[in-house]
Amino acid sequence: MLRKNRVFFKSETEAIHNGFRPCGHCLPEKYRQWKTNPERVADHFGIPDSAG
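What you see is a predicted model, and the numbers here were worked out from it, not measured in a lab.

**What about the overall build of the chain?**
Phase 1 of the analysis: Each helix and strand counted, the chain has 3 helices and 0 strands in total.
Phase 2 of the analysis: Starting at the N terminus and ending at the C terminus, the chain contains elements arranged as α-α-α.
Phase 3 of the analysis: Sorting the 52 residues of the chain into buried and exposed places 13% on the buried side.
Phase 4 of the analysis: If you sum the accessible surface of the chain, you get close to 4,700 Å²; carbon and sulfur atoms cover 52% of it.

Structure (structure tokens):
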């Protein structure tokens, strides 16, 4: 993992709100959950879909 590609946030909620997903390297289980159903992750954090 390249250092220049790393982005850190204060919380998981902040990262999701900024359009980032769980790290597949650092958080493999959370990444699998996100990859299976990213809309559910957004719903969990109360993030409206981009369609409105």
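**Observations regarding the pattern of salt bridges**
Pairing of side chains with opposite charge becomes possible as their charged atoms draw close.
Phase 1 of the analysis: Counted by the stated rule, this structure contains 2 salt bridges.
Phase 2 of the analysis: A salt bridge links Glu-12 to Lys-30; the shortest N-O distance between them is 3.2 Å. In this pair, Glu-12 is assigned in helix H1 (residues 12–17) and Lys-30 in helix H2 (residues 28–36), connecting sequence segments 18 residues apart.
Phase 3 of the analysis: What makes Glu-12 partly exposed here is its relative accessible area of 37%.

**Some details on the layout of surface pockets**
Phase 1 of the analysis: Considered as a void within the structure, the largest pocket measures approximately 570 Å³ in volume.
Phase 2 of the analysis: In this structure, the largest pocket is lined by 19 residues; those nearest its centre are Val-7, Arg-21, Pro-22, Cys-23 and Leu-27.
Phase 3 of the analysis: Broken down by element, the residue count for the lining of the largest pocket peaks at 3 residues, all from H1.
Phase 4 of the analysis: Across the lining of the largest pocket, the residue classes break down as 11 nonpolar, 4 polar and 4 charged.

**Considering the environment of Arg-21**
Phase 1 of the analysis: Mapped onto the secondary structure, Arg-21 falls in the loop between H1 and H2.
Phase 2 of the analysis: Spatially, the C-alpha atom of Arg-21 lies 8.8 Å from that of Lys-35, the residues being 14 residues apart in sequence.
Phase 3 of the analysis: Once residues lying within four places of it in the same chain are set aside, the contact partners of Arg-21 are Tyr-31 and Trp-34.

The rules behind each value
Residues numbered from 1 in each chain as written. Predicted model: local features only at pLDDT ≥ 70, side-chain atom pairs only at ≥ 80, totals over all residues. Heavy atoms only, no water. Helix = DSSP H or I, 4+ residues; strand = E, 2+ residues; numbered from the N terminus. Buried < 20%, exposed > 50% of the residue type's maximum accessible area, 1.4 Å probe, protein only. Areas by Shrake-Rupley, 256 points an atom, 1.4 Å probe, with all protein chains shown as cover. Salt bridge = Lys/Arg side-chain N within 4 Å of Asp/Glu carboxyl O. 1 Å grid on protein atoms, 1.4 Å probe; cavity = no way out; pocket = protein on both sides within 12 Å on 5 of 7 lines; lining within 4 Å. Points joined across faces, edges and corners; volume = space filled by probe spheres on them. Nonpolar A, V, L, I, M, F, W, Y, C, P; charged D, E, K, R; others polar. Contact = heavy atoms within 4.5 Å.

Keep in mind that these numbers describe shape and distance, not what the molecule does.
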